[in-house]
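So you can see what is in the structure, the chains are spelled out below.
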Amino acid sequence: MNNWRIKLSLLLTYFVFAILLNSVGIVILQVIKNYEVTKSAASILEGFKDLPIAVVSFLVASYLPRFGYRNSLVTGLVIVTLACLAMTQFPGFAMTKILFLAVGVGFALVKVSVYATVGLITENRQSHASFMNTIEGFFMVGVLSGYWIFGLFINPDEPKSQSWLEVYYYLAVLGVLNILLLLSTPFKQHEHDEADSEPASALADFIAMLKLVKKPMVYVFVISAFLYVLIEQGIGTWLPTFNNEILKLPTDISVQVTSIFAACLAIGRLSAGYLLKRISWYALLNTCLLFMSVLILLTLPMTRDVTLADNVTWQNLPLVAWLFPCIGLFMAPIYPAINSVILSALPKKQHAAMTGLIVLFSALGGTTGSLITGLVFSAFDGQTAFYLTLLPIAIIFITLKLLSNFASKHEYSQQEQTAS
């Protein structure tokens, strides 16, 4: 198998979905201004994105090895490319919901295929963890690019302007180019070889996926992943609105400043790909959680009574606008590291099914985080909404300890089997 071509295809496919998935915070800000919807109504966009991810990944993950991972990637890209074109032709809040519905369905197909393919093209646990962080880091490069791309098309002087919709023409072109790249990339269907050794029926595959939840290590992981995504999506989705309403930054700069958060996530994940070859994942993640908590407690008090210059630019932004998004640097390694821990503990033939569970509970965590943050933001203020992230951080400290214990027992068991 030509691994470098496949890795490039996976990275670029992830890049397209990174822009679309994480544009929800930007789009929420724009639909509030363009279509005069409330914050609580706009927050439902996260659900239109995440619930289809959860449902589709749950229903089809165990079947995808039979369908073929490349076929699944291409199908996901075709769905979102058509949705982007429709967004430009039928602008409105209803079409925005349909767009994120399509993005959710497409990403469910893509993420399961990407994660399962990583298991086929990496040689050992270290290379698996390293490439997982690389691919998630590249995902954040796409998120970072998205903030700037959308920011360039937003007209801060006309709140009702729909010039930002032109972005979707370019995203559709990018989708088409990615489809062509995938179709020209030589994928040997190793996944079908694996499927041949599994139960003969799709129903049996689905039942086998459900049985994974019985494993104590799996459900501890599920809690960890759910809470992590709850934090990341709660902050990432509402940070543009926080910048605009709490820090009083102009709309275009509010969106662009959020790119600091995405840049920190990208840097953190790409750096973790290097660090995890040298230090324990458990030590690294606990250090990250500690720094996240400290940063929240130190920076949020600084967001009250912020004084801005008459003409706000990147050169005269308040210090807190730079500091708070740096939480992404410490959040970054957590998600890909725990994903790698659980996948490395399972046989490769179960990776697609396990990824279905990962995507399911990650999507539920994202929806829950966005809804809770939006409701608290509306009822109280942005500071209170972000202070609440300290609770799931505290719980993750506990679940990581349990996950580490399970991982150590699994590794010891494997060593005993090898010795015998």
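Model, not experiment: these values are computed from the prediction.

Thresholds applied
- Residues numbered from 1 in each chain as written.
- Predicted model: local features only at pLDDT ≥ 70, side-chain atom pairs only at ≥ 80, totals over all residues.
- Heavy atoms only, no water.
- Helix = DSSP H or I, 4+ residues; strand = E, 2+ residues; numbered from the N terminus.
- Rg over C-alpha atoms; globule rule 2.2 N^0.38 Å.
- Buried < 20%, exposed > 50% of the residue type's maximum accessible area, 1.4 Å probe, protein only.
- Contact = heavy atoms within 4.5 Å.
- Patch = residues over 30% accessible without salt bridge, like charges linked within 9 Å, V, L, I, M, F, W, Y side chains within 5 Å.
- Areas by Shrake-Rupley, 256 points an atom, 1.4 Å probe, with all protein chains shown as cover.
- Salt bridge = Lys/Arg side-chain N within 4 Å of Asp/Glu carboxyl O.
- Core = buried A, V, L, I, M, F, W, Y, C linked by side-chain atoms within 4.5 Å.
- 1 Å grid on protein atoms, 1.4 Å probe; cavity = no way out; pocket = protein on both sides within 12 Å on 5 of 7 lines; lining within 4 Å.
- Points joined across faces, edges and corners; volume = space filled by probe spheres on them.
- pLDDT = per-residue confidence, 0-100.
- Polar contact = N/O pair within 3.5 Å; in protein donor to acceptor, adjacent residues only side chain to side chain.

**Thoughts on the overall build of the chain**
Looking only at helices and strands, the chain features 21 helices and zero strands. Rg of the C-alpha trace for the chain: 21 Å, near the compact-globule value of 22 Å for 420 residues, within the 12% margin. Overall size of the chain, expressed as C-alpha extent along the three principal axes, is 70 × 45 × 35 Å. For the chain, the residues scored as buried account for 58% of the 420 residues in total. Taking the intrachain contacts of the chain between residues at least 6 apart in sequence as the baseline, contacts between residues at least 24 apart amount to 86%.

**Things to note about a nonpolar patch on the surface**
Taken together, Val78, Leu82, Leu85, Tyr169 and Tyr170 make up a surface patch of nonpolar side chains, about 500 Å² in accessible area. Elements represented by at least two residues in the nonpolar patch include exactly helix 6 (69–89) and helix 9 (167–184). In terms of residue count, helix 6 provides more of the nonpolar patch than any other element does, three residues in total. You can see Tyr169 is positioned in helix 9.

**Thoughts on the nonpolar core**
Ranked by internal contacts, the top residues of the largest apolar core, which has 142 residues, are Trp164, Tyr168, Phe221, Met331 and Met354. Here the element with the most residues in this core is helix 7 (residues 93–121); it accounts for 16 residues.

**Comments concerning empty space enclosed by the protein**
Evaluation of the coordinates by the stated rule reveals five cavities of 30 Å³ or more. Computed from the structure, the largest cavity encloses a volume of approximately 270 Å³. Along the walls of the largest cavity sit 20 residues, with Phe107, Lys111, Phe139, Val229 and Gln233 positioned nearest its centre. Secondary-structure elements contributing two or more residues to the lining of the largest cavity are helix 1 (3–21), helix 4 (44–60), helix 7, helix 8 (125–153), helix 12 (216–245) and helix 19 (351–379). Looking at the second largest cavity, its volume works out to about 50 Å³.

**Considerations on the environment of Ala332**
With respect to the element layout, Ala332 can be found in the loop between helix 17 (327–331) and helix 18 (334–344). Taking the relative accessible area as the measure of exposure, Ala332 reaches 0% and is therefore buried. Along the chain, Ala332 and Gln383 lie 51 residues apart, while their C-alpha atoms are 22 Å from each other. Not counting residues within four places of it along the chain, the set of residues in contact with Ala332 comprises Tyr228, Cys264, Leu265, Gly268 and Arg269.

**A short note on the confidence of the model for the chain**
Atom-level detail of predicted coordinates should not be read off regions where pLDDT is low. Confidence along the chain averages 83 in pLDDT terms, with 91% of residues attaining 70 or more. Overall, residues 191–200 carries pLDDT values under 50, and its contacts beyond four positions in sequence, including any with other chains, amount to 20 contacts.

**What to know about the side chain of Ser57**
In this fold, Ser57 is placed in helix 4. Take Ser57: its relative accessible area is 0%, and that puts it in the buried class. Here the side chain of Ser57 touches Ile53 through a polar contact of 2.6 Å, landing on its backbone oxygen. Not counting the four nearest positions on each side in its chain, Ser57 is found in contact with Pro52, Ala108, Val112, Gly356, Val359 and Leu360.

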